[in-house]
Amino acid sequence: MGTPRVPTGLPTDLPAGTGPARAGRAPGGIGESTLRPDGTLKVTGEFAYASDLWHEDMLWGHTLRSPHAHARIRSVDVSGALATPGVRAVLTHADLPAATRYGLEFADTPVLADGVVRYHGEPVALVAADHPETARRAAEKIAVDYEPLPVVTDEASALAPDAPVLHPGRTDGHAAHVPHPNVVHRQPVRHGDIAAARARADVIVTGDYEVGMQDQAFLGPESGLAVPAEDGGVDLYIATQWLHADLRQIAPVLGLPEEKVRMTLSGVGGAFGGREDLSMQAHACLLALRTGRPVKMVYNRFESFFGHVHRHPARLHYEHGATRDGKLTHMACRIVLDGGAYASSSPAVVGNAASLSAGPYVIDAVEAEALALYTNNPPCGAMRGFGAVQACFAYEAQMDRLAAALELDPVEFRQRNAMSQGAVLPTGQVVDSPAPVAELLRRVKAMPLPPERQWESAGGTADVRALPGGLSNTTHGEGVVRGVGYAVGIKNVGFSEGFDDYSTARVRLEVVGGQPVATVHTAMAEVGQGGVTVHAQIARTELGVTQVTLRPADTRVGSAGSTSASRQTYVTGGAVRHACEAVRERVLELGRARFGTYHPAWATAELVLEGGKVTTDGGEVLAGLAEVLEGEAVDVELEWRHRPTEPFDLVTGQGQGHVQYSFAAHRAVVEVDTELGLVKVVELACAQDVGKALNPLSVVGQIHGGTTQGLGLAVMEEIVVDPVTAKVRNPSFTDYLIPTILDTPTLPVDVLELADAHAPYGLRGVGEASTLSSTPAVVAAIRAATGLPLARVPVRPEHLTGT
Amino acid sequence: MRVNVTVNGRLREADDVWEGESLLYVLRERLGLPGSKNACEQGECGSCTVRLDGELVCACLVAAGQAEGREVVTVEGLAELAARRAGGSAPAGEERGEEGPPGAGLSPVQRAFVDAGAVQCGFCTPGLLVAADDLLARVPDPSDADIREALSGNLCRCTGYEKILDAVRLAAARAGETV
Amino acid sequence: MDFLRPGTWEEALAAKAEHPSAVPLAGGTDVMVEINFDHRRPEYLLDLNRIGDLYEWETGERDVRLGASVPYTRIMEHLRGPLPGLALAAHTVGSPQIRNRGSVGGNLGAASPAGDSHPALLAAGAEVEAESVRGTRLIPVERFYTGVKRNALEPDELIRAVRIRKADGPQQFAKVGTRNAMVIAVCAFGLALHPEARAVRTGIGSAAPTPLRARAAEEFLDAALAEGGFWDSGRDLPPSLARQFAELAAGACNPIDDVRGSARYRRHAVGVMARRTLGWAWDTYRGSERTTRCA
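These numbers were taken from a predicted model, which means no experiment stands behind them.

Caption draft 1: Looking closely at the overall build of chain A. Along the backbone of chain A there are 19 helices and 32 strands. When the backbone C-alpha atoms are referred to their principal axes, chain A occupies close to 80 × 70 × 65 Å. Looking at chain A as a whole, 67% of its 803 residues qualify as buried. Across chain A, every contact between residues at least 6 apart in sequence was considered, and the portion connecting residues at least 24 apart equals 79%. Carbon and sulfur atoms make up 52% of the accessible area of chain A, which totals about 25,200 Å².

Caption draft 2: Just the sheet that holds strand 29 (residues 660-673) of chain A, in detail. Residues and elements named next belong to chain A. Taking strand neighbours across the sheet as the criterion, the 4 strands line up as 21-29-30-31 in an open arrangement whose pairing is mixed. What marks the edges here is a single partner per strand, and that holds for strand 21 (480-493) and strand 31 (749-752). The mean inter-strand angle of the sheet, taken between neighbouring strand axes irrespective of direction, is 20°. In this structure, strand 21 lies alongside strand 29, joined through 14 bridges in antiparallel fashion. Pairing of Lys491 across the sheet is with Ser662, part of strand 29. Lying over the sheet, helix 18 (residues 769-786) contacts strand 21, strand 29 and strand 30 (678-689), oriented at roughly 155° with respect to strand 21.

Caption draft 3: Region of the structure containing the nonpolar core. All names here are of chain A. The biggest cluster of nonpolar side chains holds 101 residues, and the ones touching the most others in it are Tyr318, Ile335, Phe413, Met419, Val778 and Ile782. Broken down by element, this core gets its largest block of residues, 11 residues, from helix 10 (residues 388-405). Contact partners of Val778, with chain neighbours within four places excluded, come to Ala668, Val670, Val681, Leu684, Ala714 and Val715. Formed by 90 residues, the second largest nonpolar core is a distinct cluster that contains Ala575, Val587, Leu607 and Val636.

Caption draft 4: Broad picture of the interface of chain A and chain C. Across the boundary between the two partners, chain A contributes 44 residues, which contact 35 residues of chain C. Taking both sides of the interface into account, the surface hidden between chain A and chain C amounts to around 3,300 Å²; carbon and sulfur atoms contribute 51%. There are 6 salt bridges connecting chain A and chain C. In this structure, the salt-bridge partner of Asp38(C) is Arg137(A), at a minimum N-O distance of 3.0 Å. When grouped by side-chain class, the residues that make up the side of chain A that touches chain C number 15 nonpolar, 16 polar and 13 charged.

Caption draft 5: Expanded view of the pairing of strand 10 (residues 158-165) of chain C. All names here are of chain C. Of all 8 residues in strand 10, 7 are buried, a share of seventy percent or more. Taken together, the 5 bridges between strand 5 (residues 63-67) and strand 10 define a ladder with antiparallel strand orientation. Along strand 10, the bridge assignment pairs Gly67 with Ala161. Bridge analysis of strand 6 (residues 126-132) against strand 10 gives 6 bridges, and the strand direction is antiparallel. Bridge pairing in strand 10 links Ala126 to Ile164.

Caption draft 6: Representation of the sheet that holds strand 3 (residues 71-77) of chain A in the model. One open sheet accounts for 3 strands, arranged 7-3-9 (chain A); its pairing is antiparallel. Only two strands of the sheet have a single neighbouring strand rather than two, namely strand 7 (116-117) and strand 9 (143-148) of chain A.

Caption draft 7: Main features of the interface of chain B and chain A. At the junction of the two partners, chain B supplies 55 residues and chain A supplies 65 residues. When chain B packs against chain A, close to 4,700 Å² is buried across both sides, 59% of that on carbon and sulfur atoms. Looking at the side of chain B facing chain A, the largest losses of area belong to Gln120(B), Arg148(B) and Arg157(B), adding up to 17% of the total buried there. Counting every contact that joins chain B to chain A gives 28 residue pairs in polar contact (both at pLDDT 80 or more).

Caption draft 8: Just the domain arrangement of chain A, in detail. All names here are of chain A. Domain assignment breaks chain A into domain 1 (10-48 + 502-641), domain 2 (51-149 + 228-268 + 275-297) and domain 3 (430-496 + 656-801). Computed over C-alpha atoms only, the centres of domain 2 and domain 3 are separated by 38 Å. Together, the buried faces of domain 2 and domain 3 total about 370 Å²; carbon and sulfur atoms form 65% of this surface. When the area that domain 2 buries against domain 3 is broken down by residue, the three leading residues are Ala69, His120 and Trp242, summing to 77%.

Caption draft 9: Structural detail: the side chain of Ser355(A). Residue and element names in this part refer to chain A. Within the element layout of this structure, Ser355 appears in helix 9 (residues 346-355). Among the residues examined, Ser355 registers a relative accessible area of 3% and is labelled buried. Of the polar contacts made by the side chain of Ser355, one reaches the backbone oxygen of Gly351; its length is 2.7 Å. Not counting the four nearest positions on each side in its chain, Ser355 is found in contact with Val189, Thr427, Phe648 and His658.

Caption draft 10: How the structure looks around the environment of Leu170(B). All names here are of chain B. For Leu170, the position within the fold is in helix 6 (residues 162-178). Overall, Leu170 belongs to the partly exposed group, its relative accessible area being 26%. Sequence separation between Leu170 and Val109 is 61 residues, and the spatial gap between their C-alpha atoms is 8.3 Å. Here Leu170 is in contact with Ala112, Asp115 and Ala116, once residues within four sequence places are set aside.

Caption draft 11: Examining helix 4 (residues 84-91) of chain C more closely. Within helix 4 of chain C, 7 of the 8 residues are buried, which leaves it mostly tucked inside the rest of the structure. Pro84(C), Gly85(C), Leu86(C), Ala87(C), Ala89(C), Ala90(C) and His91(C) are the residues of helix 4 of chain C that are buried.

Caption draft 12: Just the state of the cysteines, in detail. On inspection of all chains with the given rule, the structure shows 0 disulfides over all chains. Cys686(A) takes part in no disulfide bond, and the closest cysteine sulfur, belonging to Cys392(A), lies 11 Å away. Overall, the relative accessible area of 1% leaves Cys686(A) in the buried class. With no disulfide partner, Cys60(B) has as its closest neighbouring cysteine sulfur the one in Cys48(B), 3.8 Å distant.

Caption draft 13: Spotlight on the UniProt feature "domain: Aldehyde oxidase/xanthine dehydrogenase a/b hammerhead" (unreviewed entry) in chain A. Feature annotation in UniProt assigns "domain: Aldehyde oxidase/xanthine dehydrogenase a/b hammerhead" (unreviewed entry) to the following positions: residues 44-150 of chain A. Annotation note: span residues 44-150 of chain A, helix share 13%, strand share 36%, distance between end C-alpha atoms 51 Å.

Caption draft 14: Region of the structure containing the confidence of the model for chain A. Confidence in the prediction for chain A averages 96 pLDDT; 97% of positions are at 70 or higher. Across residues 16-24 of chain A, confidence stays below pLDDT 50; counting only partners more than four residues off in sequence or on other chains, it has 7 contacts.

Caption draft 15: Up close: a negative patch on the surface. Taken together, the side chains of Glu10(C), Glu11(C), Asp53(C) and Glu56(C) present a region of like negative charge at the surface. One can find Glu10(C) in helix 1 (residues 9-18).

Caption draft 16: Structural detail: the packing of aromatic side chains. Taken as a whole and assessed by the stated rule, the structure comprises 20 aromatic pairs over all chains. Considering the side-chain rings of Trp282(C) and Tyr285(C), the 4.9 Å spacing of their centres and the 40° angle between planes classify their relative orientation as tilted. One end of the pair is Trp282(C) and the other is Tyr285(C), both in helix 12 (residues 263-294) and 3 residues apart, which spans about a single turn. Residue Trp282(C) is classed as buried on the basis of its relative accessible area of 2%. For Tyr285(C), a relative accessible area of 5% corresponds to the buried category. Cluster of aromatic residues (ring-pair linked, three or more members): Phe47(A), Tyr49(A) and Phe123(B). One cation-aromatic arrangement involves Arg65(A) over Tyr299(A); the distance from NZ or CZ to the ring centre is 5.0 Å. Against the face of Phe123(B) rests Lys37(B), its NZ or CZ located 5.8 Å from the ring centre.

Caption draft 17: Inspection of unusual backbone geometry at higher detail. All names here are of chain A. For the peptide bond that leads from Val793 to Pro794, omega is -5°, which places it in the cis range. In this structure, Pro794 sits in the loop between strand 32 (792-793) and helix 19 (797-801). Unlike most non-glycine residues, Asp57 shows phi in positive territory, near 70°. Note that Asp57 resides in the loop between helix 1 (39-44) and strand 2 (59-65). You can call Asp57 partly exposed: its relative accessible area is 47%. With phi around 45°, Arg453 is a residue other than glycine that occupies positive phi space. Relative to the assigned elements, Arg453 resides in the loop between helix 12 (437-446) and strand 21. On the basis of relative accessibility, which here comes to 40%, the residue Arg453 falls in the partly exposed class.

Definitions and limits used
Residues numbered from 1 in each chain as written. Chains lettered and ligands numbered in written order. Predicted model: local features only at pLDDT ≥ 70, side-chain atom pairs only at ≥ 80, totals over all residues. Heavy atoms only, no water. Helix = DSSP H or I, 4+ residues; strand = E, 2+ residues; numbered from the N terminus. Buried < 20%, exposed > 50% of the residue type's maximum accessible area, 1.4 Å probe, protein only. Contact = heavy atoms within 4.5 Å. Areas by Shrake-Rupley, 256 points an atom, 1.4 Å probe, with all protein chains shown as cover. Pairing = 2+ DSSP bridges. Axes fitted to C-alpha atoms, helices over the stretch in contact; angles between N-to-C directions. Core = buried A, V, L, I, M, F, W, Y, C linked by side-chain atoms within 4.5 Å. Buried area = accessible area lost by both parts, 1.4 Å probe. Salt bridge = Lys/Arg side-chain N within 4 Å of Asp/Glu carboxyl O. Nonpolar A, V, L, I, M, F, W, Y, C, P; charged D, E, K, R; others polar. Polar contact = N/O pair within 3.5 Å; in protein donor to acceptor, adjacent residues only side chain to side chain. Domains from an automatic or database assignment. Disulfide = S-S within 2.5 Å. UniProt positions renumbered as here; feature names shortened; annotations may be inferred. pLDDT = per-residue confidence, 0-100. Patch = residues over 30% accessible without salt bridge, like charges linked within 9 Å, V, L, I, M, F, W, Y side chains within 5 Å. Lys, Arg positive; Asp, Glu negative; His and termini not counted. Charge placed at Lys NZ, Arg CZ, Asp CG, Glu CD. Phe/Tyr/Trp six-rings, centres within 6.5 Å; stacked < 30°, edge-to-face > 60°. Lys NZ or Arg CZ within 6 Å of the ring centre and 35° of its normal.

Written as structure tokens, this is what we have:
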């Protein structure tokens with residue numbers, strides 16, 4: 001174990017048995033279900049995740065966190081901790097060398113608590129020691145004198161006349177337009193004449209809905225290794241979603257220029273939004289620079305619940321109207337998101353919630369408002385579905401209630417109001433690519449229903465594994481009622497509201513041992529989604545090679561943007577393609593210079609790279625790449641951006657805010673033990689339009705994963721925060737439950753590919769849409785089984801039994 | 001304290017082990033075997049599943065001292081275990097990536113996880129592999145309900161389990177073909 | 001922290017006598033969680049893994065003497081006949097990995113009201129065999145639980161075994177959790193029919209500070225079954241009887257509101273489980289009665 005365990009590059013080659021090239025299609029190129037290049041390392045246990053990193057002489061970092069949700073820190077005494085044998089450093093706010101705050105959108109988050117703690121679990125001090133237990137025991141000896149302060153826990157307490165202002169003297173860009181300093185951001189959307197539309201409505205349905213706080217619950221806990229460098233800088237190996245955003249926030253905290261903070265992506269054990277914000281990044285670097293030793297930090301599951309932001313819990317009020325013939329007249333809504341103690345990405349979540357509040361429906365008159373609060377609850381930010389999940393739960397419940405009021409089939413009612421290409425959103429933006437909302441609903445509805453009473457076996461005994469309650473043996477069929485529910489949703493793809501959303505790719509083509517090899521280097525965070533697989537496929541398609549080497553993602557190359565917002569295949573995939581095109585042009589230039597005089601086709605034909613050769617589009621081989629390159633390597637680094645967007649107007653919400661939309665529909669079949677309030681989801685079918693499936697296997701995997709997280713929100717997942725103390729009550733996998741394989745049903749998936757002409761290869765970001773409609777579909781099915789209104793998720797047995 | 005434990009067929013020794021350390025910590029931090037994962041350290045996720053004297057256990061809940069003198073098989077030893085079961089010695093193509101095709105040194109269940117797309121972030125994968133390998137060794141042709149029950153102690157957050165079921169079915173089917 | 005590794009039961013008792021604060025460690029499924037999460041730092045850990053006797057069981061005339069460390073998996077595999085209720089309960093424990101390590105002795109030692117084996121032990125009838133260097137005593141299981149995570153053991157005592165009455169009739173166990181596998185009980189219910197004694201026994205888990213029997217429900221049912229001649233006739237139980245039994249079982253609860261469930265729900269769910277488990281057990285009893293009579 002003499003050498004550090006750190007990430008290395010991934011060679012990718014095609015496995016034996018890969019089919020021959022078809023005309024105009026590179027083997028292992030886009031559209032094929034090529035296998036993950038990191039798959040072998042992941043199944044042998046050799047893949048180096050952030051928590052697996054190891055360095056000779058390394059120390060262990062530990063974080064002391066606040067036991068209070070809101071308190072003034074009167075004093076901190078670290079002498080006892082410093083005197084502990086084996087302890088190499090103890091840091092508090094007073095020891096910070098430079099910037100003391102950071103943040104994704106603006107810097108309101110203290111690196112270490114600065115006189116006040118604003119949420120339960122906020123970092124107060126850091127310890128570095130020889131062994132994690134030494135660090136823990138030392139941290140226990142840090143004496144912090146807290147003076148508890150009144151807590152802000154909801155809208156009423158945040159906006160009360162005597163409410164404590166959690167961030168006095170705000171200077172962020174939203175401070176000027178918010179109605180109260182405890183509101184992070186507020187976004188109205190006004191479209192059409194709501195009064196006139198309301199007057200036209202034959203039926204008006206209003207409802208209040210609530211979404212609990214969901215956790216990303218990625219399995220690989222926050223971790224990383226910071227290694228101090230001889231030049232005074234630091235090398236950080238880290239699990240994150242966006243290396244360059246981390247860098248932009250860390251460097252000022254360390255007081256170092258960005259070039260002295262070199263970041264490399266280590267193995268990431270899932271993310272789902274929970275790694276967009278910094279966790280231990282700056283902390284490990286501070287300890288490494290202070291001690292001159294490598295420092296590893298690894299949160300355990302308990303700490304992980306305090307170490308990252310969660311999905312915003314929300315309260316939503318909706319009013320919809322419709323005419324008797326089943327056409328929506330108007331929608332008015334108010335969405336209150338709890339942002340918790342710090343801003344994180346709350347402003348962008350507000351923008352999504354407001355702009356997508358009407359769902360995938362054509363509604364001429366809309367009056368929507370979304371806002372995020374500052375409270376003393378845990379900070380909330382990005383999680384898969386990002387503001388669109390909460391709205392979808394509410395508007396889909398409304399659709400079912402409207403359909404019932406009009407005595408229409410819920411799918412039929414949705415289809416009558418479904419948007420399609422050319423529709424105008426409440427923001428005034430035209431949906432300028434396929435929007436097959438009605439078709440997706442048709443497809444899930446057309447799938448055969450799973451057989452009834454599957455728990456009954458031939459011998460007349462019940463297989464409890466197929467019943468609500470499962471192995472716990474709570475029913476043998478008694479009280480069990482089936483229900484079916486539908487839902488559909490709309491999610492934006494990519495960063496919105498005028499954000500310069502670009503990515504960078506460096507592609508190198510050279511001949512090694514007689515074989516052309518492409519090397520792709522980006523800073524894209526592979527978090528499990530399969531971006532690495534797709535990059536190799538794009539390079540094969542564009543450059544006609546089979547061997548592609550993927551360099552480790554790091555900050556030696558330009559930013560790739562975040563692995564979030566369903567954007568990576570679109571934007572970094574687009575950048576890889578763009579760089580490949582430039583490489584190809586350069587290769588053809590070289591070819592023309594070297595061989596142009598020998599064959600007229602060099603000048604006249606469309607040329608492609610295929611099978612390691614330059615060929616005409618008719619298939620005539622002009623030269624091998626080895627001959628063209630003659631030992632030279634072509635190496636290009638380029639940025640690529642999608643179409644620009646613009647901010648929403650702060651009063652009307654009008655604006656070309658989004659780049660692309662993604663749609664999915666679900667049908668849920670559930671069986672509910674109506675007496676005990678236990679739910680078994682029997683089947684959860686999804687249809688999603690993906691534009692173009694670059695890797696069909698990975699696409700289906702994304703849809704499965706998003707669907708299952710939506711199921712979790714529907715029936716079990718919630719971080720429970722005490723309403724009086726604002727303390728987290730269930731920070732463990734014993735009490736924060738995520739679906740097991742026995743909770744997850746068969747998940748049939750129907751993938752539609754309607755190309756978006758504006759996007760690379762016509763693709764549509766695929767990562768999030770299935771997370772939206774899964775939750776409301778499951779709850780609709782439970783409503784169908786029980787007849788209960790169920791306005792809150794997760795649905796608990798208490799809600800189903802009136803207890 | 002000192003702990004002697006046979007891991008993947010080799011006698012290993014760890015010194016200066018703190019008495020509260022788990023077998024998982026010893027494997028990961030002292031023996032250079034980080035394949036078993038530290039996702040929850042409370043026995044709820046199965047990511048650290050290993051065989052201890054042949055039984056599936058969560059390594060996070062075994063005190064290091066309890067492993068003294070015992071035999072442990074981790075994900076790093078699965079290929080060798082499969083080869084031994086099949087009557088061979090070491091798996092072929094040990095030097096992955098250098099010679100031989102990639103993945104030649106994989107056990108059948110490892111191969112099936114890669115082929116079926118059962119791996120996304122991969123953090124749950126080592127524990128699932130050890131559990132699935134144990135299931136297939138006991139029940140060569142498991143029903144879906146058997147697979148679900150056997151893997152109910154292993155959480156996955158990425159895949160929705162569909163491809164994991166596919167992988168176990170695939171491994172079982174391939175084993176059936178070769179018999 | 002010191003790690004004590006006795007090789008024999010006698011050494012273990014001696015170690016516990018010398019260090020009464022030592023925390024016994026068997027499967028580790030409770031203790032190691034507390035250590036990993038920094039909730040507990042005992043002075044001594046007393047590893048019981050090396051004591052082979054604790055992993056054995058003997059089936060006698062009346063009882064199964066179950067070694068304290070026999071894992072739940074073994075109970076499911078080998079003791080379903082004599083201990084059907086406990087085998088059902090064992091199957092609801094955690095996951096396969098946990099069932100390979102966790103044991104009834106551990107459940108009793110931890111004495112969590114949510115421990116899965118307690119309702120089955122209470123319903124079947126059992127005594128805890130507690131031993132120290134001073135000697136052995138048998139503690140009836142209903143007197144073993146003294147409070148939330150407290151039991152009747154003296155500081156120098158260890159659990160050697162549990163003597164569980166062999167089933168003489170059908171037994172059932174049901175547990176409510178908010179997930180279909182790997183879940184801690186929101187509440188649980190165990191029921192055993194004892195045709196020889198013409199008695200019904202119950203056990204309630206996680207719905208009071210300690211596991212307990214629903215005695216009023218038992219007494220009601222014993223009387224009603226005797227009065228109606230149900231044991232002999234094997235007739236269907238009237239729904240009103242099952243309902244009243246369920247109400248009395250629910251009434252025996254003294255639950256709390258916590259993050260896993262509300263007190264009201266627990267009381268309600270215990271009632272539902274009482275009614276259902278009685279129905280299942282009685283159906284089995286009637287089936288066996290009929291078979292016996294036909295034969």
